[in-house]
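# Examination of the molecular architecture
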Amino acid sequence: MVVWKSSDVTIETLSLKRSGFWTVQVVYSDHVTVDGIKISDNKGPSTDGVDIDSSSYVLVEHCDIDNNDDDICLKAGRDSDGLRVNRPPNTF
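Described below are features of the structure shown in this document. All figures in this text were calculated on a predicted structure; none of them were measured in a lab. (Residues numbered from 1 in each chain as written. Predicted model: local features only at pLDDT ≥ 70, side-chain atom pairs only at ≥ 80, totals over all residues. Heavy atoms only, no water.)

## Some thoughts on the nonpolar core
Residues Val3, Ile11, Val24, Val26, Val32, Val34, Ile37, Ile39, Val50, Ile52 and Ile65 constitute the largest nonpolar core, which totals eleven residues. Among the secondary structure elements, those contributing two or more residues to this core are strand E4 (24-27), strand E5 (30-35) and strand E7 (50-53). Once residues lying within four places of it in the same chain are set aside, the contact partners of Val24 are Met1, Ile11, Leu16, Ile37, Ile39, Gly49, Val50 and Asp51. (Core = buried A, V, L, I, M, F, W, Y, C linked by side-chain atoms within 4.5 Å. Buried < 20%, exposed > 50% of the residue type's maximum accessible area, 1.4 Å probe, protein only. Helix = DSSP H or I, 4+ residues; strand = E, 2+ residues; numbered from the N terminus. Contact = heavy atoms within 4.5 Å.)

What follows is the structure, encoded as structure tokens:
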């Protein structure tokens with residue numbers, strides 16, 4: 001699931017499993033809440049739970065995340081696109 005260039009988004013009470021890669025990714029967005037989601041059965045090599053990428057005012061709370069890599073991760077872009085955009089995450 002990807003939230004892309006969005007504002008005022010709430011993701012809540014979802015159950016997600018067997019992701020092939022990052023499960024929930026918030027990119028170039030602001031004022032996003034991820035609340036009460038369950039992520040399970042992620043056995044792949046890079047199955048992050050929630051990736052916050054170059055975004056501001058993101059709240060993650062009351063989540064049950066069980067996967068093979070990072071549960072919650074802050075990123076400042078990915079590979080060459082991250083360098084091109086040059087937009088670090090704002091942490092408040």
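## So, the sheet that holds strand E3 (residues 15-17)
Pairing within the open sheet is parallel, and its three strands lie in the order E3-E6-E9. In this open sheet, the two edge strands, each paired with only one partner strand, are E3 and strand E9 (64-67). With direction set aside, neighbouring strand axes in the sheet form an average angle of 15°. Judged from the three bridges that link them, strand E6 (residues 38-42) and E9 form a sheet pairing that is parallel. Across the sheet, residue Ile39 finds its bridge partner in E9, namely Ile65. (Pairing = 2+ DSSP bridges. Axes fitted to C-alpha atoms, helices over the stretch in contact; angles between N-to-C directions.)

## Details of the sheet that holds E7
Pairing is parallel in the open sheet, where four strands are placed in the order E1-E4-E7-E10. Across the chains shown, the open sheet's two edge strands, defined by having one partner strand only, are strand E1 (2-4) and strand E10 (72-75). Taking the axes of each pair of neighbouring strands and ignoring which way they run, one obtains an average angle of 10° across the sheet.

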